[in-house]
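# Summary of the model geometry
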Protein chains: 2
Amino acid sequence: MSEDVMIAGGGHSKFGKRSEVGLRELVYESVADLFNDSKLSMADVDATVIGVAGDQFNGQGAPAAVINSEIGALGKPTIRVESACATGTAAIITAQSMIKSGLRDSVLVIGVEKMTSVSSSMATELMARAGDLRWEYPFGVSFPGYYALMATAHMAEYGTTREQLSAVAVKNHHYGNMNELAHLRKEITLEEAMNAVQIASPMNLYDCSLISDGAAAILLTKESLAKKFTDTPIRIKGIGQGSDTMTMAARKSLTGLQGAADAARDAYKMAGITADQVDVAEVHDCFTIAEIMAIEDLGFFEKGKGGPAAIDGETTRDGWIPVNNSGGLKAKGHPIGATGVSQIVEVFKQLNDMAGIRQLPDVNIGMTQNLGGSGSTIVTHIFERGN
Amino acid sequence: MSEDVMIAGGGHSKFGKRSEVGLRELVYESVADLFNDSKLSMADVDATVIGVAGDQFNGQGAPAAVINSEIGALGKPTIRVESACATGTAAIITAQSMIKSGLRDSVLVIGVEKMTSVSSSMATELMARAGDLRWEYPFGVSFPGYYALMATAHMAEYGTTREQLSAVAVKNHHYGNMNELAHLRKEITLEEAMNAVQIASPMNLYDCSLISDGAAAILLTKESLAKKFTDTPIRIKGIGQGSDTMTMAARKSLTGLQGAADAARDAYKMAGITADQVDVAEVHDCFTIAEIMAIEDLGFFEKGKGGPAAIDGETTRDGWIPVNNSGGLKAKGHPIGATGVSQIVEVFKQLNDMAGIRQLPDVNIGMTQNLGGSGSTIVTHIFERGN
């Protein structure tokens, strides 16, 4: 058996509408943060894997090559990975496979997106092209529409309410306000969440995540090297990846994501744990309904019980399982390529007691769930304290 | 040590201006060809890795998810990889790492590009965005320009001639004419090659590869499974990947690609062979000067001797090393994401005596070299007969 793969450090830029910087500067912020906080330097990096979802947002084709030069990784191999909004964790799987296979010892993974160079409506349009371009996009469906269909189905089948959706938004805004790197630091009330302007019925403004700029970086390395870089590495304990049809009309059910359930099952199996052993989770709340489906598909709550769990506070710091204690995509922001890497940086901090005022007590096992598109690709990871 | 990774089958669409089909149909052609020629079926595939360079050519974002559904790989994990024109072989490295690491047993790699939906000038413009968007693109450099700079430097330093460049074109058109899947099946004379319309001095029309549509597919599997799928798998014996600055102005030399030399060195080292043991090579002749630099950077000929080798016939079927016996990017065509996978399909055929009228005698070791951008990323592979 080859060695386990460990995370030896994480870095994170400020997320937000970062009009003053471009793709390169966002990457630099995240990498500088990674190197400042650890005994790492670029000399320790054998290769880079770069997660960028859409060249169209900023116009730079082949972004991995330019980023690789920019961060001083010149001469080192680089590959770009893209899996829509699951780009960041797909990059992690790629890097992890390279290390576990023996091809590389240490790989720097960077996830980044610079989205606000285009208008919000253009960003929505570009993202809609990650839906089915032949059979759905031409008829006007964009992502709020896809998730509105899922919310409607979930409401019809399980009695999920608008109030329960809004409870997710209120919680994530609350935690986002505690996160200095978050895009939106603004508490909202349940009433505000419920009465905001409609986006795609039954979802309104506060049910939707943000269009953000940002970057996050992680160093993965093999276990025997990890202690050279940090006293507190974390271990990649489980990996799961699933998929579903890109065409929503071809799905058997809209009340959950088959690929998410598959990915969770595989990750638990590889990690040798069950859902009740997870201490903290960052899940893909691109829309509030996505968080409710995620906590069901991950097995934290029975199917149909995600809505009641949200309104009952079971996903808060004091509940059964703290979910999106970082603010989530909803408030921390959702720079597409960065999101999956950002989720893992948060779990790295939580498992190392480095999360400041957001720190949770007694966290040993953390989980991330990162969706691409309307759930056409899903990546789930389980991490554990390394020592 | 984990098992070696083998190639158990290859499939290939017709390359060309395929106005009658889209991205999905091109992929289908390559996958159907793969499955028709072997004992494989989709049930044998654990995951897919999809190489597509530019969403902009056809507009479909997150192409891996839609392709995965389309080919019946529904529910199986999929990841898209992009490394400009080295996309196909970057996908191969990713898949190979997944298998070698133990994450997957068998992975289907598909490389595809549908480029002719946009005009040639728009395609050139989109490709130029895989140059340095901040420091070079705004001043009007596109890829013929980048390689023209390299050709000029090579001529100045080594006395390389227009006639030597043209000899590469004549050879590759000759072999392309023998390849029923090639985009352009048309012999040209040295005189025609030398006197064609100028594109970017010192290069003319016949120094440039084609803008093509096409797809290629490969099944990678671990050694213990390979014989289940085919009697004649080939072994991945060596891998090398290098990089160089995206910004051409920052390079120390324009007469060769440092990343290509690095990638070759690492591939030979892993394979435990030297350049003189290679029996057949497919190299990245996006422009004729690129083939001349490739045969030098791969160590087939001394630096500066690539031009004379070309004119002396040393890279023909009867020469020292047969190079681009498929027609190369020059005549077979260059659908960006497909190119690297296509190169490996050709080597798979050659090593299995399946190359028809292009078959070379006594080939045991084959090599591929696939460049991204102006050499900002380079992937080199060495293969050997599996038994």
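In what follows, the structure referred to is the one given above.
Each chain carries its own residue numbering, running from 1 in the direction its sequence is written. Following the order in which they are written, the chains are lettered starting with A and the ligands numbered starting with 1. This being a predicted model, a pLDDT of at least 70 is required before a residue's local features are given, and a value of 80 or more before pairs of side-chain atoms are given or counted; all residues contribute to the totals for chains, interfaces and linings. To get the side-chain values, all heavy atoms of the structure are used, and hydrogens and water are removed first.

Quick look at the overall build of chain A now. Secondary structure elements are taken from DSSP: a helix is a run of H or I of four residues or more, a strand is a run of E of two residues or more, and numbering for both begins at the N terminus. When helices and strands are counted, chain A shows 13 helices and 11 strands. C-alpha atoms define the radius of gyration, and 2.2 Å times the number of residues to the power 0.38 defines the globule rule. Whereas a compact globule of 387 residues would reach a radius of gyration of roughly 21 Å, chain A reaches 19 Å, a difference of no more than 12%. With the C-alpha coordinates of chain A rotated into their principal frame, the extents come out at 55 × 45 × 40 Å. In chain A, the proportion of contacts linking residues at least 24 apart, taken out of those at least 6 apart, comes to 76%. Of the roughly 12,200 Å² that chain A leaves accessible, carbon and sulfur atoms contribute 52%. We count Lys and Arg on the positive side and Asp and Glu on the negative side, and we leave His and both chain ends out. The atom standing in for a charge is NZ when the residue is Lys, CZ when it is Arg, CG when it is Asp and CD when it is Glu. Within chain A, the 45 negative side-chain charges are centred at a point lying 4 Å from the centre of the 33 positive side-chain charges. Every residue pair with non-hydrogen atoms within 4.5 Å of one another is taken to be in contact. Methods summary: accessible areas were calculated by the Shrake-Rupley approach with a probe of 1.4 Å, and residue burial reflects only the protein chains presented.

All names here are of chain B. Any Phe, Tyr or Trp ring, taking Trp's six-membered ring, that has another such ring centre within 6.5 Å forms a pair; planes under 30 degrees apart are called stacked, those over 60 apart edge-to-face, and the others tilted. The full count for this structure, using the stated rule, is 6 aromatic pairs over all chains. Between the aromatic rings of F143 and Y146, the centroid separation amounts to 5.2 Å while the plane-to-plane angle is 55 degrees, which identifies the pairing as tilted. Of this pair, F143 and Y146 both sit in helix α5 (residues 143–158), 3 residues apart, which is roughly one turn of the helix. Of the two residues, F143 and Y146, neither departs from the other in class, the shared state being buried. Per-residue accessibility, obtained with a 1.4 Å probe over protein chains only, is compared with the maximum for each type, and a residue is labelled buried under 20%, exposed over 50%, and partly exposed between these values.

Time to look at the relation of the copies chain B and chain A. When the copies are superposed, the least-squares fit takes in the C-alpha atoms of residues with a pLDDT of at least 70 in both. When chain B is fitted onto chain A, the two copies agree to an RMSD of 0.0 Å after a turn of 180 degrees and an axial shift of 0.0 Å. Accordingly, the operation relating the two chain copies is best matched by a two-fold axis. Using C-alpha coordinates, one finds that chain B approaches the rotation axis most closely at S101(B), a distance of 1.9 Å.

Now for the packing of helix α1 (residues 23–36) of chain A against helix α2 (residues 63–70) of chain A. All names here are of chain A. Viewed as axis vectors pointing N to C, α1 and α2 meet at an angle of 55 degrees, and their least axial separation amounts to 10 Å. By the angle class used here, α1 and α2 are oblique. Viewed along their axes, α1 and α2 form a crossing whose handedness is right-handed. Where α1 approaches α2, its residues L23, R24 and V27 are matched on the opposing element by P63, V66, I67 and E70. We call Asp, Glu, Lys and Arg charged. Ala, Val, Leu, Ile, Met, Phe, Trp, Tyr, Cys and Pro are nonpolar, and the rest, Gly among them, are polar. Each residue belonging to the contact of α1 with α2 can be placed in one class, and the counts come to 5 nonpolar, no polar and 2 charged. Think of each axis as a best-fit line through the C-alpha atoms, taken over the contacting stretch in the case of a helix, with angles from 0 to 180 degrees between the N-to-C directions. Reported orientations rely on four angle classes, namely roughly parallel under 35 degrees, roughly antiparallel over 145, roughly perpendicular from 65 to 115, and oblique for the rest. If you view the pair so one helix is near and one far, a crossing is left-handed when the near helix is turned anticlockwise from the far one by less than a right angle, and right-handed when it is turned clockwise.

Contacts between the two partners involve 54 residues from chain B and, on the opposite side, 54 residues from chain A. Summed over both partners, the accessible area lost on bringing two parts together, with a 1.4 Å probe, is the buried area. Across the chain B/chain A interface, buried area totals approximately 4,100 Å², and carbon plus sulfur atoms make up 52% of it. Looking at the side of chain B facing chain A, the largest losses of area belong to E82(B), R134(B) and Q241(B), adding up to 13% of the total buried there. Think of a salt bridge as a Lys or Arg side-chain nitrogen and an Asp or Glu carboxyl oxygen that are within 4 Å of each other. Counting across the interface, chain B meets chain A through 6 salt bridges. We note a salt bridge from R80(A) to E82(B), for which the minimum N-O separation is 3.0 Å. Polar contacts, as counted here, are pairs of nitrogen or oxygen atoms within 3.5 Å of one another; within protein the pair requires one atom able to donate a hydrogen and one able to accept it, and residues that are adjacent in sequence qualify only if both atoms are side-chain atoms. Taken together, the links from chain B to chain A amount to 24 residue pairs in polar contact (both at pLDDT 80 or more). Strands qualify as paired when DSSP identifies two bridges or more between them. Pairing of strand β3 (residues 78–82) of chain A with strand β3 (residues 78–82) of chain B involves 3 bridges; the strand directions are antiparallel. What sits directly across from E82(A), in β3(B), is R80(B).

In this section: the pattern of salt bridges. Residues and elements named next belong to chain A. Taken as a whole and assessed by the stated rule, the structure comprises 52 salt bridges over all chains. For K171, the salt bridge goes to E291, with nearest N and O atoms at 2.8 Å. Taken together, the residues span a long stretch of sequence, with K171 in helix α6 (residues 162–176) and E291 in helix α10 (residues 288–297) at a distance of 120 residues. Assigned by exposure class, K171 and E291 land together as buried. By sharing partners, the salt bridges in this structure join D4, K100, E223, R235, K237 and E384 into a single network.

Another point: the pairing of strand β8 (residues 234–243) of chain A. Two faces belong to every sheet, and in a regular strand the side chains alternate between them. Residue and element names in this part refer to chain A. Buried residues dominate β8, accounting for 9 of its 10 residues. Pairing analysis gives 9 bridges linking β8 to strand β11 (residues 377–385), with the strands arranged antiparallel. For G238, the partnering residue across the bridge sits in β11 and is I382.

Residues and elements named next belong to chain B. Counting buried residues in strand β10 (residues 365–372) gives 8 out of 8 residues, a clear majority hidden from the surface. Relative to β10, strand β9 (residues 280–282) runs parallel, the two being bridged by 3 bridges. Counterpart to E282 in the pairing with β10 is T368. Bridge count for β10 against strand β11 (residues 377–385) is 8 bridges, and the pairing is antiparallel. Its bridge partner being in β11, L371 is matched across the sheet by I378. Two successive antiparallel strands, β10 and β11, enclose a turn made up of 4 residues, where G373 displays a positive phi of approximately 60 degrees.

Another point: helix α5 (residues 143–158) of chain A. Residue and element names in this part refer to chain A. The terminal C-alpha atoms of α5, which comprises 16 residues, lie 22 Å apart, in line with the 22 Å expected from a rise of 1.5 Å per residue. Along α5, the positions that sit buried rather than exposed are F143, P144, Y146, Y147, A148, M150, A151, H154 and M155. Where α5 is buried, its residues touch α4 (120–128), α6, β5 (198–200), β6 (203–204), α10 and β10 (365–372). Once α5 ends, the next one or two residues include G159, with phi positive near 75 degrees. Expected span, for any helix, means 1.5 Å times one less than how many residues it has.

What follows is about unusual backbone geometry. With an omega of 10 degrees, the peptide bond running from S201(A) to P202(A) counts as cis. The topology assignment puts P202(A) in the loop between β5 and β6. Even without glycine at this site, N324(A) takes up a positive phi of about 55 degrees. By the element assignment, N324(A) lies in the loop between α11 (306–311) and α12 (328–331). The exposure class of N324(A) is buried, given its relative accessible area of 0%. Phi at A84(B) is positive, roughly 50 degrees, even though this residue is not glycine.

Attention now goes to α5(B). Buried within α5(B) we find F143(B), P144(B), Y146(B), Y147(B), A148(B), M150(B), A151(B), A153(B), H154(B) and M155(B). Residues of α5(B) that are buried make contact with α4 (120–128), α6 (162–176), β5 (198–200), β6 (203–204), α10 (288–297) and β10 of chain B.

For the rest of this paragraph, the subject is the state of the cysteines. Working definition: the covalent bond between the sulfur atoms of two cysteines is a disulfide. For the purposes of this analysis, a disulfide is any pair of cysteine sulfur atoms at a distance within 2.5 Å. For the coordinates displayed, the defined rule picks out 0 disulfides over all chains. Of all cysteine sulfurs, the one in C286(A) lies closest to C85(A), which takes part in no disulfide; the gap is 6.7 Å.

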